[in-house]
Amino acid sequence: MTVREKIPMRRPNPSKSETGNNYGKHKPDLQEDFNYCCGYCGSFDGFGYTKTYFEIDHFVPKDFLIKSKSVIGLSKYSNLVYSCRSCNNFKTKHWPSQRDDIYLNGDEGFVDPCGSEYENHLYRTDDGAIMWNTPIGKWMVTIAFKFDERIEELKLLWKYNSIRLTIEKIIDELNRYSVDSVEYNEIKNQLTPLFEKHYFLQKELADFYNG
Ligand SMILES: [Zn+2]
């Protein structure tokens, strides 16, 4: 399976200007373009606990851009990634190429999470863990993002997001029928066990974060 349910794509023309240092203004555009999920680990941003607080990551890191006096401005939309706090924090220390135009240094470095190339290096197991297909993927999993150490959290968040998307799909389907039709009631019955699962997963996640 893919790491992200939907591959994120940045819009070519962001609604806010790409000049200046206030890159936070791009957050609403990024949230939509990344389907409300972390670009790197695919976690959904709606869970609401502090540890899944979402941030704006600079793909070519902010500190490196400043230090190297790069022509890439801090508000350049094509360099921004909607990211969970964990991925953003883990990534911060790493930028193996030490160039703003080259992302890889041999088997170390990052692949832009927008587009399908990212998915060539990584994959999602049936139970929601993130594994690698390539040495670069292995570097991202074990060195940069530490997906291997975050495996329990990632599995829970993945399950939570899958159930959420399934419920959304069924509700869309439900809305195509009138309330008193046979179809409506049949589809509605499918929702009950899913709501139950969703509820218990939410509790499991809360317990996970609250220790
Ligand atoms: Zn993440």
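In this report, the structure presented in the accompanying data block is examined. What you see is a predicted model, and the numbers here were worked out from it, not measured in a lab.

Here the focus is helix α3 (residues 85-92). Those residues of α3 that fall on the buried side of the exposure criterion are S86, C87, N88 and K91. The inward-facing, buried residues of α3 abut β1 (54-58), β2 (80-84), α5 (135-144) and α6 (151-174).

Now for the coordination of the zinc ion. Around the zinc ion, the protein supplies C38 (SG), C41 (SG), C84 (SG) and C87 (SG) as donor atoms, at distances of 2.3 Å. Viewed at the metal, the four donor atoms of the zinc ion are separated by angles of 103 to 115°, and the geometry they form is tetrahedral. Written as a sequence motif, the donor arrangement for the zinc ion is C-x2-C-x42-C-x2-C. In this pair, the class of C84 matches that of C87, namely buried.

Before going further, it helps to examine the pattern of salt bridges. Evaluated as defined, the whole model comprises 12 salt bridges. A salt bridge links D29 to R11; the shortest N-O distance between them is 3.3 Å. Separated by 18 residues along the polypeptide, D29 in helix α1 (residues 27-33) and R11 in the segment before α1 bring together distant segments of the chain. In this structure, E32 engages R11 in a salt bridge whose closest nitrogen and oxygen atoms are separated by 3.2 Å. Here E32, found in helix α1, pairs with R11, found in the segment before α1; they are 21 residues apart in sequence, far enough to count as distant. Since its relative accessible area comes to 47%, E32 is described here as partly exposed.

Right, let's talk about the nonpolar core for a bit. Membership of the largest hydrophobic core comes to 35 residues, with the highest contact counts inside it found for Y40, Y118, M140, F145 and F147. For this core, the secondary structure elements donating two or more residues are β1, α2 (62-67), β2 and α5. Setting aside residues up to four positions removed in sequence, Y118 forms contacts with V3, R4, G39, Y40, V111, D112, P113, M140, F145 and F147. If you look at the next biggest cluster of nonpolar residues, it comprises 17 residues, including Y160, L174, L191 and L194.

With that out of the way, let us pick up unusual backbone geometry. Of note, the phi angle at N35 is positive, near 55°, even though the residue is not glycine. Structurally, N35 can be placed in the loop between α1 and β1. At Q98, a position not held by glycine, the phi torsion is positive, near 55°. Residue placement: Q98 occurs in the loop between α3 and β3 (104-105).

What follows is about the packing of α6 against helix α7 (residues 182-210). Between α6 and α7, the shortest axis-to-axis distance is 9 Å and the interhelical angle comes to 155°. Judged by the angle between their axes, α6 and α7 are roughly antiparallel. Relative to α7, α6 is oriented so that their crossing is left-handed.

Criteria and thresholds
- Residues numbered from 1 in each chain as written.
- Predicted model: local features only at pLDDT ≥ 70, side-chain atom pairs only at ≥ 80, totals over all residues.
- Heavy atoms only, no water.
- Buried < 20%, exposed > 50% of the residue type's maximum accessible area, 1.4 Å probe, protein only.
- Helix = DSSP H or I, 4+ residues; strand = E, 2+ residues; numbered from the N terminus.
- Contact = heavy atoms within 4.5 Å.
- Donors = N, O, S within 2.8 Å, 3.2 Å for Na, K, Ca; no water.
- Tetrahedral: all angles 85-135°; square planar, octahedral: opposite > 155°, others 65-115°.
- Salt bridge = Lys/Arg side-chain N within 4 Å of Asp/Glu carboxyl O.
- Core = buried A, V, L, I, M, F, W, Y, C linked by side-chain atoms within 4.5 Å.
- Axes fitted to C-alpha atoms, helices over the stretch in contact; angles between N-to-C directions.
- Parallel < 35°, antiparallel > 145°, perpendicular 65-115°, else oblique.
- Left-handed = near helix turned anticlockwise from the far one by under 90°.

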